[in-house]
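Understanding the architecture of this molecule
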Amino acid sequence: MNDWDRDRLTQGYQLASSALKDEAAAEGTWVGELSSSPLSTATAVVALQLVGRDQPQRQSEFKDLISQGLNWLVECQNSDGGWGDTSLSLSNISTTTLVYSSFHLAQSPEKFGPAAERARNYIESKGGFDAIKQRYGKDHTFSVPILTQCALAGLISWDQLPPLPFELGVFPHWFYRWMSLPVVSYALPALIAIGQVRHHLAPSRNPLIRMLRQMAVKPTLRRLKTLQPESGGFLEATPLTSFVTMSLAAMGQSAHPVAERGVDFLIASVRPDGSWPIDTNLATWVTTLSINALRPESISPEQAKSVLSWLLKQQNRVVHPYTNAAPGGWAWTDLSGGVPDADDTPGAILALLKLDELGSGERSPELAPALRAGVQWLLDLQNRDGGWPTFCRGWGALPFDRSAPDLTAHALRAIHAWQLWHRAQQAHSAGPDPLLERVEQAASAGFAYLAQTQHPDGTWHPLWFGNQFAPDEANPVYGVARVLAAYRDTNRLPDVACQFACDWLADVQNDDGGWGGTRNTPSSVEETALAVEALLPIEKYAARCRRGLEWLLERIEAGTFRQPTPIGLYFAKLWYFERLYPIIFVVSTFARAIDRSERRGAERHRAGSEGLVPPYPPRMGMPK
């Protein structure tokens, strides 16, 4: 790596970090901006349409919102007649079906007829409504809501979708892990509301089942009310909130407090162009990513103190009503609909540890207890297989509730960093700390899980990120990069599993010097930055890192590095892009490249001064 142009690296970092810092809010945190979503817009429009039908006096209130939303959908229709989950996404059967149902319900053929006809042709070319069931298989989390919206729009009969056992909503949360529910843990509001509308409009022919379900209507509606956050948006997610609201409206319950607050949330979250995002924001997530990406000198003591205080306030301090999560974790957002999870909690722990080093020396008395509670929360969440799930321990029936390599790697990095920090703080204290012993055991089990879940080609597939150009829509480049970070931070780079993954990652570099989500997929800023950062510590991949850095530098210098890519996966594999991701990932990669270059320079200077080797020339241009 002696031929890196440190001046050019530094300039690239300065350009990218300045762009990132310009995005920060007044208190030094970041909010970001999620992509507008045809899927969210279609579900929100249908929810407002059905509330208006149940309450005709409110139709004028919703008229412009519905019209603007449908117009926006027409404008972003893809050339094949379908829609993807974002304006940059390939068409898919799920979103296209939801959009088509929103046009059908609008009953305005003179205005939306051509777009609807093209959508219908697309749906038929993909196998019709039955293709929805085939796409999701046994997981009803998203297939049943889509088909429910189709049934509410009059496109299919209720017999074409299975009833959801909403009556299980009367049981306590811990009971569900033993039930092998057909929906994932975070979908309980949809289970209740969609199950109820199916029962209301197409009740079971079995009189006993019909009676039992009828008895469960009121108590499960009360349960639904307890699950709704202050903002009115379940998980701050437009689709989930819309499905609940439209289901209640179709039962004649549009005046129910849950539906009313759902409508308020939808009205508050619509964008000026008439669209809705997939979720309100990822403020906590992008703030911790940004802090962890920036070099220390890019964060002032004042910002460090402000963000540290803000992050401490975001920690969940009570048993969470939605997932029954214990106190101690962090959610992806600072809003009331967030739920603590095993990706945002490690990010917050790592950011707090970094901010503590950058502060003015006045440590908050809340820091140590908060970090300890966060580590404890992660340890308690770890599954028996050694991996970490997203929200709930022990839910393993469906993919989005199982342990995941990317989450596991992030958790391992956080508990290791805390372990080092805690030992430094307790250097003169007497007696062992049981939590440190638990960290050791958890780390051993976590790395065993990673070794067991590594694919035969050396990869790991992440849960919350994908690549739309990959044959299976997986993103092994992201997965490998995130797992390698855990091996790097815990000094395990020589491990066989790590070396195997590094070989694969280096081998799938594109001819242009960048990386996509896997082999032979288009290069993106996000995936190239992640791959380079992962390979930086490995000397034998120096040439590949140089090519990747050059690819990124060309985009930084041309001002095109901000262009986002739909790599994010939300609940039930809904695609999104976040405007800050490419900036953050580039900043993180260049920060590490500069650190690496400075360390190597110091080593050469020291070796030269001791007469071991001649000093290297001060700079050699990075090859084009």
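Residues numbered from 1 in each chain as written. Predicted model: local features only at pLDDT ≥ 70, side-chain atom pairs only at ≥ 80, totals over all residues. Heavy atoms only, no water.

1. Focus on the packing of aromatic side chains
Between two aromatic rings, the relevant description is the distance of the centres plus the angle of the planes. What the rule picks out here adds up to 12 aromatic pairs. Aromatic pair Trp 83 and Phe 103: ring centres 5.9 Å apart, planes at 55°, arrangement tilted. Of the two residues, Trp 83 is situated in the loop between α3 (59-75) and α4 (93-106) and Phe 103 in helix α4; the sequence distance between them amounts to 20 residues. A residue is classified by how much of its surface remains accessible, and Phe 103, at 4% relative accessible area, is buried. A connected cluster of aromatic rings, assembled from ring pairs, spans Phe 465, Tyr 478, Tyr 570, Tyr 576, Tyr 581 and Phe 585. Cation over ring: Arg 492 sits above Phe 447, and NZ or CZ is 3.9 Å from the ring centre. Directly above the ring of Trp 551 sits Arg 555, whose terminal nitrogen or CZ lies 3.6 Å from the centroid. (Phe/Tyr/Trp six-rings, centres within 6.5 Å; stacked < 30°, edge-to-face > 60°. Helix = DSSP H or I, 4+ residues; strand = E, 2+ residues; numbered from the N terminus. Buried < 20%, exposed > 50% of the residue type's maximum accessible area, 1.4 Å probe, protein only. Lys NZ or Arg CZ within 6 Å of the ring centre and 35° of its normal.)

2. A look at empty space enclosed by the protein
This model, assessed by the stated rule, comprises 3 cavities of 30 Å³ or more. In this structure, the largest cavity spans a volume of roughly 240 Å³. Trp 332, Asp 344, Trp 464, Tyr 570 and Tyr 576 are the residues nearest the centre of the largest cavity, which is lined by 16 residues in total. Across the lining of the largest cavity, the residue classes break down as 12 nonpolar, 1 polar and 3 charged. (1 Å grid on protein atoms, 1.4 Å probe; cavity = no way out; pocket = protein on both sides within 12 Å on 5 of 7 lines; lining within 4 Å. Points joined across faces, edges and corners; volume = space filled by probe spheres on them. Nonpolar A, V, L, I, M, F, W, Y, C, P; charged D, E, K, R; others polar.)

3. As for unusual backbone geometry
Residue Asn 324 is not a glycine yet carries a positive backbone phi of 65°. Here Asn 324 shows up in the loop between α13 (301-314) and α14 (344-358). Within the chain, Asn 491 stands out as a residue other than glycine whose phi angle is a positive 60°. With respect to the helices, strands and loops of the structure, Asn 491 is situated in the loop between α18 (476-489) and α19 (496-507). In this structure Asn 491 comes out as exposed when scored by relative accessible area, which is 68%.

4. Digging into α14
Under the 1.5 Å per step criterion, the end-to-end length of α14 is 21 Å for 15 residues, consistent within 8% with the ideal 21 Å. In terms of burial, α14 is largely enclosed, as 14 of its 15 residues are buried. (Expected span 1.5 Å × (residues − 1).)

5. A few points about the packing of α18 against helix α20 (residues 525-535)
The geometry of α18 relative to α20 is characterised by a closest axis approach of 9 Å and an angle of 30° between their N-to-C directions. If you check the angle between α18 and α20, you find them roughly parallel. For the pair α18 and α20, the crossing hand works out as left-handed. Mapping the contact onto sequence places Val 477, Tyr 478, Ala 481, Arg 482, Leu 484 and Arg 488 in α18 and Glu 527, Leu 530, Ala 531, Glu 533 and Ala 534 in α20. When its residues are assigned to classes, the contact of α18 with α20 shows 7 nonpolar, no polar and 4 charged. (Axes fitted to C-alpha atoms, helices over the stretch in contact; angles between N-to-C directions. Parallel < 35°, antiparallel > 145°, perpendicular 65-115°, else oblique. Left-handed = near helix turned anticlockwise from the far one by under 90°. Contact = heavy atoms within 4.5 Å.)

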